[in-house]
Amino acid sequence: GMQGLLNITHVGGLSIVQKPSEAEHASMPEYAIEHDHVLAALSTDEIGDALVLLAQGKAVPVDAEDQPSPS
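Residue positions are given per chain, counting from 1 as you read along its sequence in written order. Selection of residues for local features in this predicted model requires a pLDDT of at least 70, selection of side-chain atom pairs for listing and counting requires 80 or more, and totals for whole chains, interfaces and linings are taken over all residues. Hydrogens and water molecules were not included; the side-chain quantities draw on all heavy atoms of the structure.

A. Molecular detail of the side chain of Ser 15. Relative to the elements of secondary structure, Ser 15 occurs in the loop between α1 (2-10) and β1 (16-18). Here a residue-residue contact requires only that any non-hydrogen atoms of the pair lie within 4.5 Å. Not counting residues up to four positions away in its chain, the partners in contact with Ser 15 are Leu 5, Thr 9, Asp 36, His 37, Val 38, Leu 39 and Ala 40. Think of it this way: any DSSP run of H or I at least four residues long counts as a helix, any run of E at least two long counts as a strand, and we number them from the N terminus.

B. Summary view of the environment of Pro 68. Of note, Pro 68 is situated in the segment after α3 (44-55). A 1.4 Å probe rolled over the protein chains alone gives each residue an accessible area, and that area as a share of the maximum for its type sets the label: buried under 20%, exposed over 50%, partly exposed in between. The exposure class assigned to Pro 68 is partly exposed, which follows from its relative accessible area of 23%. Spatially, the C-alpha atom of Pro 68 lies 19 Å from that of Leu 51, the residues being 17 residues apart in sequence. When sequence neighbours within four positions are dropped, the list of residues in contact with Pro 68 reads Ile 33, Val 38, Leu 39, Ala 40 and Ala 41.

C. Spotlight on the packing of α1 against helix α2 (residues 27-35). Between N-to-C directions, angles span 0 to 180 degrees; the directions come from axes that are lines fitted to C-alpha atoms, helices contributing only their stretch in contact. Interhelical geometry of α1 versus α2 gives an angle of 40 degrees and a closest axis separation of 11 Å. The pairing of α1 with α2 is recorded here as oblique in orientation. Every pair of crossing elements has a handedness; the one defined by α1 and α2 is right-handed. Here α1 contributes Met 2, Leu 5 and Leu 6 to the contact with α2, which in turn contributes Tyr 31, Ala 32 and His 35. The residue inventory of the contact of α1 with α2, partitioned by class, reads five nonpolar, one polar and no charged. Angles below 35 degrees are treated as roughly parallel, those above 145 as roughly antiparallel, those between 65 and 115 as roughly perpendicular, and all remaining angles as oblique. Crossing handedness: left-handed means the near helix sits turned counterclockwise from the far one by under a right angle, and right-handed means the same turn made clockwise. As a working rule, the residues Ala, Val, Leu, Ile, Met, Phe, Trp, Tyr, Cys and Pro are called nonpolar, Asp, Glu, Lys and Arg charged, and the rest polar, with Gly in that last group.

D. Local environment of the pattern of salt bridges. Each salt bridge in this description consists of a side-chain nitrogen of Lys or Arg and a carboxyl oxygen of Asp or Glu lying within 4 Å of one another. With the rule as written, the count across this model stands at one salt bridge. For Glu 46, the salt bridge identified is with Lys 19, shortest N-O distance 3.9 Å. Of this pair, Glu 46 sits in helix α3 while Lys 19 sits in the loop between β1 and α2, and the two are 27 residues apart along the sequence. Given a relative accessible area of 30%, Glu 46 falls into the partly exposed group.

The structure is reproduced here in structure tokens:
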């Protein structure tokens, strides 16, 4: 979970989480937002779209509302 996410960002990867308001366990993405440099909190559909863009070598557009800020 969290350690894997930290390992990914430590080597230059991107951290994207599910929107806490949509997650079955909101504490999981909230914890990631608090402890890592999360690029965006997206819906599951948006995460799927982001993965396609990343696989194509394209940037992921992130709205201000999707950029999480730690509490």
